[in-house]
Amino acid sequence: MNQARSNILRRLRAGRKASFALPRSDFAPVRDRDWSAAEKLDLFQQKIESVHGEVHRVPAQQWVPELLRLLAEKQLSNLLVSPERKPGQELREQWHGDLPELLAYDQPIENWKSELFNQVDASLTTCRGAIAETGSLILWPDTQEPRLMTLVPPVHFVLLEADQIYATFHEALSTQGWVNQGLPTNALLISGPSKTADIEQTLAYGVHGPAELVVLVLE
Amino acid sequence: MSQHQEAVQEFHPRVHAALQDSQIRNNFRKAMDGLMGKRQQAFADWDLEGLRDLGAAVRLRALSRLPELLEELEANLTRQGVRVHWAENGDQACEIIRDICQARDAKKVIKGKSMVSEEMELNAYLEEAGIEALESDLGEYLVQLAEETPSHIIMPAIHKNTDEISALMHEKTGTQPSRDVAYLTASARQQLREKFMQADVGVSGVNFAVAETGTLCLVENEGNGRLTTTTPSCHIAVTGIEKVVEKLEDVTPLLALLTRSATGQHVTTYVNMISGPRKEEEKDGPEEVHLVLVDSGRSSIYQDEELLDTLRCIRCGACMNHCPVYTRVGGHAYGTTYPGPIGKILMPHLLGLDKTRDLPSASTLCGACGEVCPVKIPIPKLLQRLRKEAVDGDSLRPSVVSGHGVKRRFLEVLAWKGWAKMHAHAGFYRLGTRMMTSLRGLMPSKLGGWTRYRTPPRIASKSFQQMMREHAQKSNAGGRS
């Protein structure tokens, strides 16, 4: 197969025309936005709601009661949340017996695949901020909040700090220094619940991933 | 030659069949009208020209350094633990994927949407090797159940309406007949969940491969792409060599253009960026990640500075949605993996003009495809170029496309030579027009393809020159009297 590699590269090098006229890459159309923090939050909410995402603005200290209210309203019987992260710890402190069960993703997927796929009702994760223009959440899954945690349970709750909303994807990746820092195994933008329009362009939610995406914005 | 490729040559009968099929015409018309409107809305607040210029600039910059960027991509991915493979054609790529599966004793492959894998006819190849390959994108799943091929590169099952899909799912999977799309979708989710859990290998495509960070970007709405690339213990991504971009920031305009051009969405539900296999402490993700880089004719397109623009394509499908031909005949009439305008300029390179002879001329050259292309590929210009290639008609440069000259006919060449001669010499011109006017009664009433849809042209009884001469004589005569 090394033969294929050298053949392809040789053909590309031999065929390249010297006269490549390169226009300048002017990133202004995807970069320059002049929005206040309040405008960014409003736009984020409008955009993610337009694709069936759910947004609740809560004072930073009040998110636990709000989450409990939502869990009860949606009749969820358990919640997957990292016990190592701060929200998971806060949640455990305010927990009492008759609430949904708290689960932890504390072992490799191979050990509990069927359980995760069939028995977990909801998950709660943090995020690395959001993008106003497209209503997207930025997630870098890691050992504490693994990749499938935000994909397999039917309902996904996300905590977003209001001051972590960037205007554009371009601003997010340059401000957070993605290139210099090096990307994780998997980086994600999530914008709403899983959906499809493959049957006669009729929208249906929750086709493979969560049917509900609920964002708690901490103000 | 596969069945698929032979089928390309029967273009005209398929077009006629499609035009007579009111179901097909309704399904496409409804879908395409909707998509055109959504795209327009999605760009309403944008400096669309500025964005398209940027998209084109990013793609051109990537192509100008294509071999270096591929090496950079390979080096970064390799450092991050991804194994990179190179394939000169579809069969080699299929072989690589089969070998990876066999080395892992894998029997079940789950697939995310990948047009390159359609191009390679990977599913059939794997089935022959005793490996089950199951599509997991809902549209692709339906198309696979129906034993068909996608009719659109973004919406594979767009040729079917809800009733047809209900009947298909009822017959093949035992669901209740229903017009409830939520029910049909939920049933497919249930059927595929089991398959995800059992799959040994996930195969996906790639939307953009970022050289500077060694990152594979996948864009999707359903989450099947994420499941495919996360759940099985091995992920194989397969992509054409042209999908590489130089920098991570280059993804931002392409993403903004891709989703809005394709379906009028401001973003897809998931943008999935993969830079390596599962690390030691991580609890999920594949332990092995492979990238298969497929050439399949792309490096020969690269040899020609005009045709090279074909490689800018980001596979959004906007050219199909806006094409007056595609919206009437649908994707299957083309008989090629990529239908519509992009198919007409890409497939001749992948299969040869001799096998796609009718594609470049299946266009009115109305220009809509070029106007909506997010990376400004001059599709109408390339169609004209391929028409010239098909008759070896460009005296300025030698023909380069495989199968060129397939439509060159001795009589036609002779006719055009005569035409040229006649127009270059006044004497021949007079002789020619005199013959045409005086022998006009001999013209047959049927003139092949022309008179199938049009009335035959009527040649005047006098040529223009003759009329001018008579006019001059008359006024001279008048002046003297």
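Here, the structure is the one placed above.
Note that this is a predicted model, so its numbers are computed, not measured.

A.B. asks: Can you walk me through the interface of chain A and chain B in this structure?
C.D. replies: Interface size is commonly expressed as the accessible surface area that is lost when the partners come together. At the interface, 80 residues of chain A touch 99 residues of chain B. Of the roughly 7,800 Å² buried between chain A and chain B, counting both surfaces, carbon and sulfur atoms make up 59%. Summed over the three residues of chain A that lose the most area to chain B, namely Thr185, Ile199 and His208 of chain A, the buried surface amounts to 11% of that side. Put simply, Arg13 of chain A and Glu68 of chain B hold a salt bridge, and the shortest N to O gap is 3.6 Å. One can count 46 residue pairs in polar contact (both at pLDDT 80 or more) joining chain A with chain B. Looking at the side of chain A that touches chain B, the elements that each hand over two or more residues are helix H1 (2-15), helix H2 (28-31), helix H3 (37-50), helix H6 (109-119), helix H7 (169-175), helix H8 (178-181), strand S9 (186-190) and strand S10 (195-196) of chain A. The element contributing the most residues to the side of chain A that touches chain B is H1 of chain A, with 11 residues. Grouping the constituent residues of the side of chain A that touches chain B by class yields 37 nonpolar, 26 polar and 17 charged. Across 5 bridges, S9 of chain A lies against strand S9 (residues 270-274) of chain B in antiparallel orientation.

A.B. asks: Is there a simple way to think about the sheet that holds strand S1 (residues 54-58) of chain A in this case?
C.D. replies: To summarise the sheet geometry, strands pair through backbone hydrogen bonds and adopt either a parallel or an antiparallel arrangement. Residue and element names in this part refer to chain A. Across the sheet, 6 strands lie side by side as S1-S12-S7-S4-S2-S3; this open sheet has parallel pairing. Each end of this open sheet is capped by a strand with a single partner; those strands are S1 and strand S3 (101-103). Sheet twist, expressed as the mean angle between neighbouring strand axes with direction ignored, is 25°. Alignment of strand S2 (residues 78-81) against strand S4 (residues 122-125), held across 2 bridges, turns out to be parallel.

A.B. asks: Whenever I open this one, a nonpolar patch on the surface confuses me. Can you help?
C.D. replies: All names here are of chain B. Taken together, the side chains of Phe428, Leu431, Met435, Leu439 and Leu442 make up a nonpolar region of the molecular surface, amounting to roughly 520 Å² of accessible area. Position of Phe428 among the secondary structure elements: in helix H21 (residues 426-438). Judged by relative accessible area, Phe428 falls into the partly exposed class, the value being 43%.

Cut-off values and rules
Residues numbered from 1 in each chain as written. Chains lettered and ligands numbered in written order. Predicted model: local features only at pLDDT ≥ 70, side-chain atom pairs only at ≥ 80, totals over all residues. Heavy atoms only, no water. Contact = heavy atoms within 4.5 Å. Buried area = accessible area lost by both parts, 1.4 Å probe. Salt bridge = Lys/Arg side-chain N within 4 Å of Asp/Glu carboxyl O. Polar contact = N/O pair within 3.5 Å; in protein donor to acceptor, adjacent residues only side chain to side chain. Helix = DSSP H or I, 4+ residues; strand = E, 2+ residues; numbered from the N terminus. Nonpolar A, V, L, I, M, F, W, Y, C, P; charged D, E, K, R; others polar. Pairing = 2+ DSSP bridges. Axes fitted to C-alpha atoms, helices over the stretch in contact; angles between N-to-C directions. Patch = residues over 30% accessible without salt bridge, like charges linked within 9 Å, V, L, I, M, F, W, Y side chains within 5 Å. Areas by Shrake-Rupley, 256 points an atom, 1.4 Å probe, with all protein chains shown as cover. Buried < 20%, exposed > 50% of the residue type's maximum accessible area, 1.4 Å probe, protein only.

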